[in-house]
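# Breakdown of the fold
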Amino acid sequence: MSPRANWSYPTAIKFGAGRIVELADACNSLGIKRPLLVTDKGLAGLPITRQALAILADGGLEAGLFSDVDPNPNENNLAAGVKAYVNGGHDGVIAFGGGSGLDLGKLVAMMPGQTRPVWDFEDIGDWWTRADASKIAPIIAVPTTAGTGSEVGRAGVLTNSETHVKKIIFHPKLLPGIVICDPELTVGMPKVITAGTGLDALAHCLEAYCSPHYHPMSQGIALEGMRLVKDNLPRVYADGNDIDARAEMMSAAAMGAVAFQKGLGAIHAISHPIGAVYNTHHGMTNAVVMPPVLRFNREKIEGRLKLAADYLQISGGYEGFYNFILEFRAALDVPDTLTAMGIKPDRIDELAAMAMEDPSTGGNPVEMTLANTKALLADCF
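These remarks concern the structure in this document. (Residues numbered from 1 in each chain as written. Predicted model: local features only at pLDDT ≥ 70, side-chain atom pairs only at ≥ 80, totals over all residues. Heavy atoms only, no water.)

In this section: the pairing of strand E7 (residues 155-159). In terms of strand pairing, E7 meets strand E8 (residues 166-170) through 5 bridges, oriented antiparallel. Within E8, the position partnered with Thr 159 by the bridge is Lys 166. Hairpin connection, E7 to E8: the antiparallel pair is bridged by 6 residues, and His 164 has positive phi, about 60°. (Pairing = 2+ DSSP bridges. Helix = DSSP H or I, 4+ residues; strand = E, 2+ residues; numbered from the N terminus.)

The structure is reproduced here in structure tokens:
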């Protein structure tokens, strides 16, 4: 039987197959009477979304649906979502889907009633204190992929449509009040999305584990998260109906997002601008640049990865871990390089400058400079 539990860390989580049926109860617990379900365009017409809306209707709730959400959501999507929220008289948000639906849903809950533009709440210093916390609506998160972990995060990623720069918008109240983790909702994911989202969870755990910042709680969570991905991602890639492995991957995704409170690094610092400029899948981009970043950081992470390799039952220390990543990616049909993704190395200077502005640079084990970041990007092609 796949795992089933109620957790209160880092928020209230209802975990287990079939628990989407508790969605209306979750709304009632948070005092939501007219929820706006925010999801992406691809999910809007699928059975799992219709099921969620039917559960809300059967529970006597007047729910709305907003799905004008791009794969890398931007401020235009947000403005449309806020308009739908206000015009519909909604009093809470159900963020439903993968990273794009979850991130934008949380920001739709945040922005009605704010008097400043969303960019003023970027995750810099205490900028979050600029927001009127009393105007942030209650949020329920329902992930339908197992990768970003945004359901247990206190931020949303938003792309500026003019500059093509991804910004992390942060506020403590963006942490959803209730999360429903139902692995049955992930069964319909195509193989390429299963791989990409699962590798995103791996990247979160790996970078958090390698970050030089002191956070032993996140360190332990990251290590176990890597094990869950190692053991279960190949299973769900081979058999999308393996509900036990789907559940373990859903746990790994949440663990990765909790763990990266410790920090992220160069994998995310360079994949964020690549995704913003070329609209690539975030998790798959992480997987492509992972080996070059491991080489880039080797001198600082070799000893730490030896310990991880021992725990993961991978022989050969750093070299064994590195070779495992290469073999793991290949088995999941990940492109070897950015060139193989169809990207040309003609904008390295621009991408490197954008990477240096990304907050993930601060968590990389090797200090990132403009020069070595350009060299790292060149190594990804």
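There is more to say after this.
What follows deals with the packing of helix H6 (residues 191-210) against helix H10 (residues 282-296). Interhelical geometry of H6 versus H10 gives an angle of 45° and a closest axis separation of 7 Å. When the axis of H6 is compared with that of H10, the two are oblique. As for how H6 packs across H10, the hand of that crossing is left-handed. Contact residues: H6 offers Val 192, Ala 195, Gly 196, Leu 199, Asp 200, Leu 202, Ala 203, His 204 and Leu 206, while H10 offers His 282, Gly 283, Met 284, Asn 286, Ala 287, Met 290 and Leu 294. Residues that form the contact of H6 with H10 fall into these classes: 10 nonpolar, 5 polar and 1 charged. (Axes fitted to C-alpha atoms, helices over the stretch in contact; angles between N-to-C directions. Parallel < 35°, antiparallel > 145°, perpendicular 65-115°, else oblique. Left-handed = near helix turned anticlockwise from the far one by under 90°. Contact = heavy atoms within 4.5 Å. Nonpolar A, V, L, I, M, F, W, Y, C, P; charged D, E, K, R; others polar.)

On to the packing of aromatic side chains, then. Per the counting criterion, the structure on display carries 5 aromatic pairs. Seen in terms of ring centroids, Trp 128 and Phe 170 are 6.5 Å apart; in terms of plane orientation they differ by 85°. Their pairing is edge-to-face. Linking Trp 128 in the loop between helix H5 (99-110) and strand E6 (139-143) with Phe 170 in strand E8, this pair joins segments that are 42 residues apart in sequence. With a centroid separation of 5.0 Å and 40° between ring planes, the pair formed by Phe 324 and Phe 328 is classed as tilted. Here Phe 324 and its partner Phe 328 are both found in helix H12 (residues 317-331), 4 residues apart, which amounts to about one turn of the helix. (Phe/Tyr/Trp six-rings, centres within 6.5 Å; stacked < 30°, edge-to-face > 60°.)

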